[in-house]
Amino acid sequence: AGTKDTGEETMTDSPWRLIVDENSYADFSVSVSPAVEKAVVNGDAPPTIFLNVFDRDSITIGVNEDPEQVLDLEFCRSNNIDFRRRVNGGGAIYTGTGSAFMVYYVPTSHPDVPETTAEAFPKILTAFAETLTERFGFPAEYRPLNDVQVEGRKLVPTSLKIENGVMTFRFVVNVKEMNTEVAGAAMPMPPEKVQDKVHKDLQSRFTCLEREANRDISTDDLEQMARAAVAHAFSNPDLEFGELTEAERKYAEEFRAEYDNDGWLFGKSERNRFRADTQPGDTVGYGREKAVGGMLWATLAVRDGKVNHAILNGDWHPRPIESVGWLEDALDGVEATEGAIREAVSSFMGRDEVEFASVEIENLMAAFGKALADQKTVG
């Protein structure tokens with residue numbers, strides 16, 4: 001196989017690592033997952049495929065989401081549903097015991113690894129959908145931007161991060177039937193979220209592997225599925241069983257300490273970002289908009305005719321992750337008019353280092369425009 005123009009040797013002949021383990025989705029997402037990513041980025045671990053089977057129910061929300069916007073926190077707490085804010089994009093995902101998480105941690109220097117979000121989702125998810133159809137006999141298909149579905153029912157939600165020379169591609173494989181009544185109550189669905197979907201409610205929008213395959217699915221079935229999907233997407237690399245290294249276990253504890261706390265969990269919420277800074281006469285408005293790339297939640301706090309604080313939350317997949325903060329900072333101090341905000345948004349979206357996959361200037365302006373029109377005096 002050829003290589004990209006990186007000057008690096010090809011990785012197609014070196015063994016990759018396959019790890020199979022059990023953790024909750026919420027805990028895995030804020031500890032083990034970033035630990036493995038760090039090790040691969042640092043060159044301390046080979047390209048790694050991690051299959052994690054969930055040992056209890058939990059929820060994660062995306063790095064750019066506010067739990068107060070996307071979760072019913074009282075319901076989650078009263079029903080003992082664990083929830084965390086993870087370190088990558090996408091939306092709130094509920095996972096049940098017995099379902100699974102498959103993650104690819106692969107350097108972009110590998111010739112089969114895409115280097116942009118726009119390339120990665122269709123390539124990797126088409127290969128995965130074809131693998132499911134071949135192995136289990138049902139019509140799985142890629143649905144842009146980041147799902148695998150069966151006749152309009154979501155089977156595999158995914159999220160993606162391409163940074164520091166590594167693609168971290170995360171698949172939630174709904175293996176078992178989930179309690180959609182509980183999941184729907186924990187994650188209330190904004191109407192904009194389902195406006196372009198065939199099925200409008202959670203019960204009909206989601207399906208699972210066992211239902212579509214019409215049989216029980218074992219951990220061995222999932223391992224063989226993972227091996228086949230990786231072979232399909234990456235020219236059949238040699239996968240060897242492995243375990244976490246001591247360094248990765250240490251990283252996992254460090255990440256858990258950093259991300260398993262309320263300061264991180266509510267890091268995108270207005271209560272932590274500007275509520276303490278409000279003054280008499282300040283106004284705040286909110287706007288939501290559904291782009292192809294995901295939901296956008298805009299908050300604009302205005303003081304003396306200028307944007308005092310801007311928050312842009314949502315479940316799309318920005319690259320790099322911190323670019324959302326760059327846009328928020330660019331809006332601070334801008335005149336609170338649609339024209340001035342459009343100029344700042346357009347300038348930001350023109351930056352070469354920014355990719356808001358399937359989110360356009362008009363989508364952002366629709367959300368910010370609604371937030372401008374919704375301005376109300378802070379109580």
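As a reminder, the structure under discussion sits directly above these lines.
Residues numbered from 1 in each chain as written. Predicted model: local features only at pLDDT ≥ 70, side-chain atom pairs only at ≥ 80, totals over all residues. Heavy atoms only, no water.

J.: I keep staring at the sheet that holds strand E9 (residues 153–163) and nothing clicks. Help me out?
T.: Strand pairs in the sheet, formed through backbone hydrogen bonds, run parallel or antiparallel to each other. Reading across from one edge, E7-E8-E9-E10-E6-E2-E1-E11 is the order of the eight strands in this open sheet, with mixed pairing throughout. Taken across any chain shown, the strands that pair with only one partner, and hence form the sheet edges, are strand E7 (140–143) and strand E11 (239–241). The sheet shows a mean angle of 20 degrees between the axes of neighbouring strands, taken without regard to direction. When strand E2 (residues 48–53) meets strand E6 (residues 100–107), the two strands line up antiparallel, connected through six bridges. (Pairing = 2+ DSSP bridges. Helix = DSSP H or I, 4+ residues; strand = E, 2+ residues; numbered from the N terminus. Axes fitted to C-alpha atoms, helices over the stretch in contact; angles between N-to-C directions.)

J.: Before we go on, may I ask you to explain the pattern of salt bridges in this structure?
T.: It is possible for side chains bearing opposite charge to pair when their charged atoms get close. Counted under the stated rule, the structure contains 26 salt bridges. Here Glu254 ties to Lys250 by a salt bridge, and the two come within 2.8 Å at their closest N and O atoms. Note that Glu254 and Lys250 are positioned in helix H10 (residues 246–259) at a spacing of four residues, about one turn of the helix. Among the salt bridges present, the one from Arg319 reaches Glu355, with a minimum N-O distance of 2.8 Å. Taken together, the residues span a long stretch of sequence, with Arg319 in strand E15 (residues 318–319) and Glu355 in strand E16 (residues 355–356) at a distance of 36 residues. Taking relative accessible area as the criterion, Glu355 reaches 14% and is therefore assigned buried. Salt bridges linked by common partners bring Asp27, Glu253 and Arg256 together as one network. (Salt bridge = Lys/Arg side-chain N within 4 Å of Asp/Glu carboxyl O. Buried < 20%, exposed > 50% of the residue type's maximum accessible area, 1.4 Å probe, protein only.)

J.: What am I meant to see in the packing of aromatic side chains here?
T.: For any pair of aromatic rings, the description rests on two quantities: the centre-to-centre distance and the angle between the ring planes. Scanning the model with the defined rule gives 16 aromatic pairs in all. Members of the aromatic cluster, each reached through a chain of ring pairs, are Trp16, Tyr104, Phe121, Phe128, Phe169, Phe171 and Phe234. Seen from the ring of Trp264, Arg85 lies directly overhead, with NZ or CZ sitting 3.8 Å from the centre. Sitting above the plane of the Phe241 ring, Arg227 keeps its charged end 5.2 Å from the centroid. (Phe/Tyr/Trp six-rings, centres within 6.5 Å; stacked < 30°, edge-to-face > 60°. Lys NZ or Arg CZ within 6 Å of the ring centre and 35° of its normal.)

J.: Just checking my understanding: could you explain the sheet that holds strand E13 (residues 294–303) for this structure?
T.: Ordered in space as E14-E13-E12-E17, the four strands form an open sheet in which the pairing is antiparallel. On the outer flanks of this sheet lie strand E14 (306–314) and strand E17 (376–377), each paired with one strand and no other. As judged from the eight bridges shared by E13 and E14, these two strands associate in the antiparallel manner. Along E14, the bridge assignment pairs Thr299 with Ile311. Relative to strand E12 (residues 283–291), helix H15 (residues 361–373) is tilted by about 150 degrees, and along the sheet it contacts E12, E13 and E14. (Contact = heavy atoms within 4.5 Å.)

J.: Help me out: how do you make sense of the side chain of Glu163 in this one?
T.: Looking at where Glu163 falls in the secondary structure, it is placed in strand E9. It turns out Glu163 is buried and unbridged, and the closest side chain with the opposite charge, Lys161, is 4.5 Å from it. (Lys, Arg positive; Asp, Glu negative; His and termini not counted.)

J.: Which parts of the structure should I look at to understand the side chain of Ser29?
T.: Within the fold, Ser29 resides in helix H1 (residues 25–30). Within polar-contact distance, the side chain of Ser29 engages the backbone oxygen of Tyr25 at 2.9 Å. (Polar contact = N/O pair within 3.5 Å; in protein donor to acceptor, adjacent residues only side chain to side chain.)

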